Amino acid sequence: MLQLIAPNGRPAGDPEVGLRDDQLRELLRLMILARRLDRGCMALQRAGELTVYPPFEGQEAAQIGSAFALAAEDFVFPTFRELAAAIARGIDAVEYLQYHRGTRHGGPYDPIATGFAPICVPLATQLIHAAGWAMGAKLDGKEACALAYFGEGAASEGDSHEAANIAAVFELPVVFFCQRNGWAITVPLEGQTAAPIVRRAEGYGFPGILVDGNDVLAVYAATHAAAERARSGDGPTLIEAVTYRMGPHTTSDDPSRYRDEAEVEHWRARDPIERYRTFLLSVGVVDIEAVAGFEEDAEERVADIRAGIVSVTEPPASDMFDFAFSEPPETLRAQRREALGGD
Amino acid sequence: MLQLIAPNGRPAGDPEVGLRDDQLRELLRLMILARRLDRGCMALQRAGELTVYPPFEGQEAAQIGSAFALAAEDFVFPTFRELAAAIARGIDAVEYLQYHRGTRHGGPYDPIATGFAPICVPLATQLIHAAGWAMGAKLDGKEACALAYFGEGAASEGDSHEAANIAAVFELPVVFFCQRNGWAITVPLEGQTAAPIVRRAEGYGFPGILVDGNDVLAVYAATHAAAERARSGDGPTLIEAVTYRMGPHTTSDDPSRYRDEAEVEHWRARDPIERYRTFLLSVGVVDIEAVAGFEEDAEERVADIRAGIVSVTEPPASDMFDFAFSEPPETLRAQRREALGGD
Amino acid sequence: MVTEVSMVAALNQALVHALAEDPRVLVFGEDVGRAGGIFHVTRGLQEEFGVERVFDTPSAEAGIAGMCVGLALAGWRPVAEMQFDGFSYPGLDQVIGHIAKYRNRTRGRTPMPITIRIPSFGGLRGKEHHGESPETYYAHTAGLKVVVPSSPLDAYRLLRLSIADPDPVIFLEPKALYLATEDGEPSVDGPGIGEAQVVRDGDLCTLIAYGAMVSRCVEAAGSLASEGIECRVLDLRSLVPLDVGAIVACVRTTGRAVVVHEAPLTLGFGAEVTARIMEEAFDDLKAAVVRVTGFDVPYPPASLEDAYRPSVERIAGAVRRTLGSTRSLSSSP
Amino acid sequence: MVTEVSMVAALNQALVHALAEDPRVLVFGEDVGRAGGIFHVTRGLQEEFGVERVFDTPSAEAGIAGMCVGLALAGWRPVAEMQFDGFSYPGLDQVIGHIAKYRNRTRGRTPMPITIRIPSFGGLRGKEHHGESPETYYAHTAGLKVVVPSSPLDAYRLLRLSIADPDPVIFLEPKALYLATEDGEPSVDGPGIGEAQVVRDGDLCTLIAYGAMVSRCVEAAGSLASEGIECRVLDLRSLVPLDVGAIVACVRTTGRAVVVHEAPLTLGFGAEVTARIMEEAFDDLKAAVVRVTGFDVPYPPASLEDAYRPSVERIAGAVRRTLGSTRSLSSSP
Ligand SMILES: Cc1ncc(C[n+]2csc(CCOP(=O)(O)OP(=O)(O)O)c2C)c(N)n1
Ligand SMILES: Cc1ncc(C[n+]2csc(CCOP(=O)(O)OP(=O)(O)O)c2C)c(N)n1
Ligand SMILES: [Mg+2]
Ligand SMILES: [Mg+2]
């Protein structure tokens, strides 16, 4: 398993991944912001400002390390748990959260402009979209890759196989990024697979990388290598990032029904942010003040986001009718009139 | 690749697989019968006695070697090309061929009594049925396994993945038997996969066996081992049998549109029957007379089958209505009355 | 003393009783075992009947549906769950291609006593793919039965009957009614699969619905009654087989009908009901049957759900329309 | 000198012209490239436009449908083929969950100019899964357009329009008509998607159909004409959008209608047409609309196909029935 920083924050192997100090700091800033935002969203949901929310706490390194390794021309295909990747990608959090507020469907932000596909709920379906986009990019001669997130549960779906096999056959520029966070709602890893997900790569004929998903530098390095490989025409890579879902599956879930606190404690000791902070402090890339600054900055940003999202009002009912087709057929316009009056 | 008899009929490795001489002869008899029957069916189709027919010529060793390794309690899940396996399994060929005559759907014979599932056309779907049956057998504490046939084309379907993964997670007694015959209609192997199918096994956490599919003893040995393993509770095995589809995909297909005669010639030199006949003669398990006897016997059997199938008449239209439900709902009975009169 | 039972509890009891009475019954799906299901419908089953008979599957809906076929061939009686309406679609190929056809394919030699439970329809302010009405996909597929309960006690009865049925049954559970309660002892006695039920009497117009829309129709009928408009409400309960006789009997008396469902208008089940009425009760119609349904657009986000699902007002309005319009004489020959 | 063109040739030309005119058009599916398709519809395309724009995919229908989404996001215009009706079902989840919803999901920011061609319906004495009528699954799915040509020249026109359409179109090709021929020069001019066409005039009854059933209706109309019964035949061409105006206009004149399709009766498209007529032309009806359809059973083996598909006799019989029954006076208020 690729690991560059040990859980205790000490270097493990060579932590030189070719990032400048400001970039190394940016990774920490983003992780701190993401954590703060995630907790803020949990609070917003409890306050009734969001319908349901799927927290990613514990997976900050996996999401930010991978998203940070991408270029502007690349395209991300997320699931429903990639808010951290979204902010690393520069997505407006208020727009994004309209999905969880229940005022918009999966793509409230502009997917094309941001290179970030709509939030995708049906497991593994987005992996095929990534292969399709990658084929399109390849046909256009673009030096770009698609990165698709999925979990170990999604890896049980037939679509995950069709996507990987198609990407292999056409040597498509795709990075299949599996966040193996231990659980698929209430089903543990062993209920989904009898072998490490990463081993499947070889069966398709492309490389797989097993990486410590709570080590942001290792995740960055693995993703950067896979993306480079994809862009240079050598085809797909499967990355299995070993991490853990610290919180419930969503705010509707109660993990105490199905898992031990001990397991959670085990992973709490492997917190990705704590680890990276310790590392950066020890190598002197940040100091206590800088970290404190990130915390305050996150506090403010999240306050703004909260203010932004709570002020989002219900959309007009016309929204329902106006986007299903480029030009609503007459039968649909009639339904619109019945529902809203006028035309 | 497991091979016990070289293409020239000489032993390669130790051809001792634990079969008695009469069983060794039976394998040859079945292969000769299968080949004769397959050609007979092609003729029947040209004569307008069958609607479409998918020939298996070239795959006799793969099908008969594997089916012969099974016990009565085991259950076979075929595709649409397993007539050779069917006769090895003792299925009545006339009943089976009613499917190709267009008088019956996939299960003209009794699937439960014969342990041979209905002919299955939607690719890879039967692999999941095999996993389900295997789970049922395991729950019943039976010492039996399911063997499911599929091709390298079917291996691209999501169902092939879900079946393999489920079988692995529940350690089900299944043998996934892939006849890699070079083609999926007009698409060559490299259009379906970028790596040998057998490599996928490891990704699921169970063993895979690459075997010379034109070497009947190697196929028998591989299947026998996999079946034993399954029955003794050690879970699934994936077998990739390398063989070749000598004929068209079906009688509606013209391979000259998409493949070279040279490739076919290459494989003609690796004919599974010729190879095994030479081997048995060289080790003295059969003599020329015995082989001639098999040929005559096959000639007669096929003549009987032909006579049987051509005398099968059109089914009554009532067949359409009487088997969809245990008890046809009134709305359906009304349709039956409209179509047939009476009740 | 009467006991109050929620639909979740009633469904749970139905599964407990089925598992207890028939050792061949198996319950499986995503998250149904260890944790007892997203909606607690399968709660406690694994503890009581063991991990062999009540188990979690990997996230693989084609796998879940396809395993039902294999298990049925091995003589088991699978009761599978698709976690949500919108996630039942990966299983459609196995359902349409095999579960619905298998028995017919072998001329009755391979019965498929399969029940597939699908938490369905909207009303829970769910995310995209969590509020779909999938009934048309299943009801159009020849070889399947499709039932939808509208109350806890009927949910118990219909689920027991579905599990006992020798043919495959798609059991659509109205999520919006999971917490609805009813007084009484769950029992299998009562109307069977294929029988509709009049849940409110009235002679001016028949409201035809199923699932969560039944109570809305009753509500609408209530408010209309205050205007002196007495409506009958027919709960279909079973879409396949369809109780055409009951539909016709009602329309004969009322001469007017309104069909209500959440699914989109085009080819929603209301189309079939309307066509049946046209075919069997045309001469008795005093006005055209009206469909009150979801719209021909993807199910909207939570905040527009109420604008999408048929409201009591829309239903009542439709009834008034049918009463306003009476068959014009011009049309008689 | 007029040229005679088969439907296969017309479809092939439509693809050639689309590929030539729009460099963003891609054609792919199982066996469509190297060998030019099972039915030769894509013959010669790969030679002419290269393996990058016309290619074979692995056998993976969810993959084919899902790739359309990704390619559309990348600015391409995918024209995918599902090899047969019965093999389009593994793609349903991607079609229902994404292709139909994607544009709406992003409020128009991600257009899905996708065409999915599916050789469909019966009549070729095919094997199980090769004679299915899948239109209901697609037509009920909000966000899709569904078209079915009934002649070579209309096949050309509809396919060109489908490929040019900014929204996803399910293009169902009647296999039984592949070898049917027609005289004339293929052209995009003429009725668009969403417009039905009267293909035969008559004032006693309207026969409504699409695809291969249109010619059967014309045949039935012919034999009825010899009895002095003049029937109008309406070719729907497009199921979604549906040309309700044309249907109503016809029924206004004839007062009687018979809807014909191969799909099973329950929730077949005839249910929607009947419901629309009920809603929009009730007062003009002289008799109940009759549906002549396939039966509510799995599509039968080859030798029973003729007993299953609506025959000229069944169609003609239905027309006579509608003429026999006239709205009884009793029913007028
Ligand atoms: C096709 C499909 N089936 C079922 C679901 C319901 N569901 C939502 S999340 C989830 C578990 C996913 O687990 P994993 O892929 O590991 O992602 P994680 O939740 O751990 O991030 C399931 C089964 C779904 N969204 N899509
Ligand atoms: C789900 C599905 N898609 C497409 C088809 C059409 N089809 C029939 S056979 C075939 C190729 C199968 O190739 P392979 O699995 O290698 O088996 P082989 O024909 O070589 O025996 C295809 C695509 C099908 N039967 N099922
Ligand atoms: Mg997970
Ligand atoms: Mg093959």
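Residues numbered from 1 in each chain as written. Chains lettered and ligands numbered in written order. Predicted model: local features only at pLDDT ≥ 70, side-chain atom pairs only at ≥ 80, totals over all residues. Heavy atoms only, no water.

### Regarding the relation of the copies chain D and chain C
Reasoning step 1: Mapping chain D onto chain C calls for a screw motion: a turn of 180 degrees about the axis and a shift of 0.0 Å along it, with 0.0 Å RMSD after fitting. Here the symmetry operator amounts to a two-fold rotation axis. Considering only C-alpha atoms, the part of chain D nearest the rotation axis is Ala271(D), at 2.6 Å.
Reasoning step 2: By residue overlap, the copies meet face to face through one surface: 98% of the interface positions of chain D are interface positions in chain C. (Least-squares fit on C-alpha atoms with pLDDT ≥ 70 in both. Contact = heavy atoms within 4.5 Å.)

### Regarding the site of ligand 2
Reasoning step 1: Surveying the vicinity of ligand 2 reveals 20 residues, the closest of which are Arg81(B), Ala154(B), Asn181(B), Trp183(B) and Glu61(D).
Reasoning step 2: Bordering ligand 2 are residues originating from chains B and D.
Reasoning step 3: Within the side chain of Glu152(B), one N or O atom sits 2.9 Å away from an oxygen atom of ligand 2.
Reasoning step 4: A distance of 2.6 Å is found between a nitrogen atom of ligand 2 and a side-chain nitrogen or oxygen belonging to Glu61(D).
Reasoning step 5: Burial of ligand 2 by the protein chains amounts to 95% of its free accessible area of 580 Å².
Reasoning step 6: Partitioning the shell around ligand 2 into residue classes produces nine nonpolar, six polar and five charged. (Near = heavy atom within 4 Å. Polar contact = N/O pair within 3.5 Å; in protein donor to acceptor, adjacent residues only side chain to side chain. Areas by Shrake-Rupley, 256 points an atom, 1.4 Å probe, with all protein chains shown as cover. Nonpolar A, V, L, I, M, F, W, Y, C, P; charged D, E, K, R; others polar.)

### Overview of the coordination of the magnesium ion (ligand 4)
All names here are of chain B.
Reasoning step 1: On the protein side, the magnesium ion (ligand 4) has Glu 152 (OE), Asn 181 (OD1) and Trp 183 (O) as donor atoms, found 2.1 to 2.2 Å from it.
Reasoning step 2: All donor residues of the magnesium ion (ligand 4) come from one chain, and their arrangement in sequence is E-x28-N-x1-W. Of the two residues, Glu 152 is situated in the loop between β2 (146-151) and α7 (158-169) and Trp 183 in strand β4 (residues 183-184); the sequence distance between them amounts to 31 residues.
Reasoning step 3: A relative accessible area of 1% places Glu 152 in the buried class.
Reasoning step 4: For Trp 183, a relative accessible area of 5% translates into the label buried. (Donors = N, O, S within 2.8 Å, 3.2 Å for Na, K, Ca; no water. Helix = DSSP H or I, 4+ residues; strand = E, 2+ residues; numbered from the N terminus. Buried < 20%, exposed > 50% of the residue type's maximum accessible area, 1.4 Å probe, protein only.)

### Quick look at the side chain of Arg180(B)
Residue and element names in this part refer to chain B.
Reasoning step 1: You can see Arg 180 is positioned in strand β3 (residues 174-180).
Reasoning step 2: For Arg 180, a relative accessible area of 18% translates into the label buried.
Reasoning step 3: Within the structure, the side chain of Arg 180 is placed 2.8 Å from the side chain of Glu 240, a separation counted as a polar contact.
Reasoning step 4: Setting aside anything within four residues of it in sequence, one finds Arg 180 in contact with Glu 152, Leu 189, Glu 240, Ala 241, Val 242 and Thr 243.

### What about the site of ligand 1?
Reasoning step 1: In the vicinity of ligand 1, 19 residues are found, and the nearest of them are Arg81(A), Ala154(A), Asn181(A), Trp183(A) and Glu61(C).
Reasoning step 2: Each of chains A and C places residues near ligand 1.
Reasoning step 3: Contact distances for ligand 1 include 2.8 Å between an oxygen atom and a side-chain N or O atom of Arg81(A).
Reasoning step 4: For ligand 1, an oxygen atom lies 3.0 Å from a polar atom in the backbone of Gly153(A).
Reasoning step 5: When isolated, ligand 1 has an accessible area of 580 Å², and the protein chains bury 95% of it.
Reasoning step 6: Here the residues of the shell around ligand 1 sort into nine nonpolar, five polar and five charged.

### Regarding the coordination of the magnesium ion (ligand 3)
Residues and elements named next belong to chain A.
Reasoning step 1: Every protein donor of the magnesium ion (ligand 3) is accounted for by Glu 152 (OE), Asn 181 (OD1) and Trp 183 (O), and the metal-donor separations fall at 2.1 to 2.2 Å.
Reasoning step 2: All donors of the magnesium ion (ligand 3) come from a single chain, and their spacing in sequence reads E-x28-N-x1-W. Residue Asn 181 shares its accessibility class with Trp 183, and that shared class is buried.

### Quick notes on unusual backbone geometry
Residue and element names in this part refer to chain C.
Reasoning step 1: Between Val 240 and the following residue, Pro 241, the backbone shows a cis peptide bond with an omega angle of -5 degrees.
Reasoning step 2: Summarising the element assignment, Pro 241 is placed in the loop between β12 (238-240) and α9 (244-254).
Reasoning step 3: Phi at Arg 107 is positive, roughly 50 degrees, even though this residue is not glycine.
Reasoning step 4: Tracing the backbone shows Arg 107 in the loop between α5 (102-105) and β5 (115-120).
Reasoning step 5: According to the relative accessible area criterion, Arg 107 is partly exposed, its value standing at 29%.
Reasoning step 6: For Arg 237, which is not glycine, the phi dihedral falls at a positive 65 degrees.
Reasoning step 7: With respect to the secondary-structure elements, Arg 237 resides in the loop between β11 (231-235) and β12.

### A short note on the sheet that holds strand β9 (residues 197-200) of chain C
Residue and element names in this part refer to chain C.
Reasoning step 1: The sheet built from five strands is open, its strands ordered β9-β11-β10-β13-β14 with mixed pairing. Strand pairing shows two members of the sheet lacking a second neighbour, β9 and β14 (290-294), which therefore form its edges. For this sheet the average axis-to-axis angle between neighbouring strands, irrespective of direction, equals 25 degrees. (Pairing = 2+ DSSP bridges. Axes fitted to C-alpha atoms, helices over the stretch in contact; angles between N-to-C directions.)

### Observations concerning the pattern of salt bridges
Note that side chains of opposite charge can pair when their charged atoms are close.
Reasoning step 1: In this structure the tally under the stated criterion is 88 salt bridges over all chains.
Reasoning step 2: In this structure, the salt-bridge partner of Lys175(C) is Asp85(C), at a minimum N-O distance of 2.4 Å. Of this pair, Lys175(C) sits in the loop between β7 (169-174) and β8 (181-183) while Asp85(C) is found in the loop between β4 (77-81) and α4 (92-99), placing the two residues 90 residues apart along the sequence. An identical accessibility class is assigned to Lys175(C) and Asp85(C); each is buried.
Reasoning step 3: Between Glu272(D) and Arg276(D) there is a salt bridge whose closest N-O contact spans 2.8 Å. One end of the pair is Glu272(D) and the other is Arg276(D), both in helix α10 (residues 269-281) and four residues apart, which spans about a single turn. The two residues Glu272(D) and Arg276(D) agree in class, both being buried. (Salt bridge = Lys/Arg side-chain N within 4 Å of Asp/Glu carboxyl O.)

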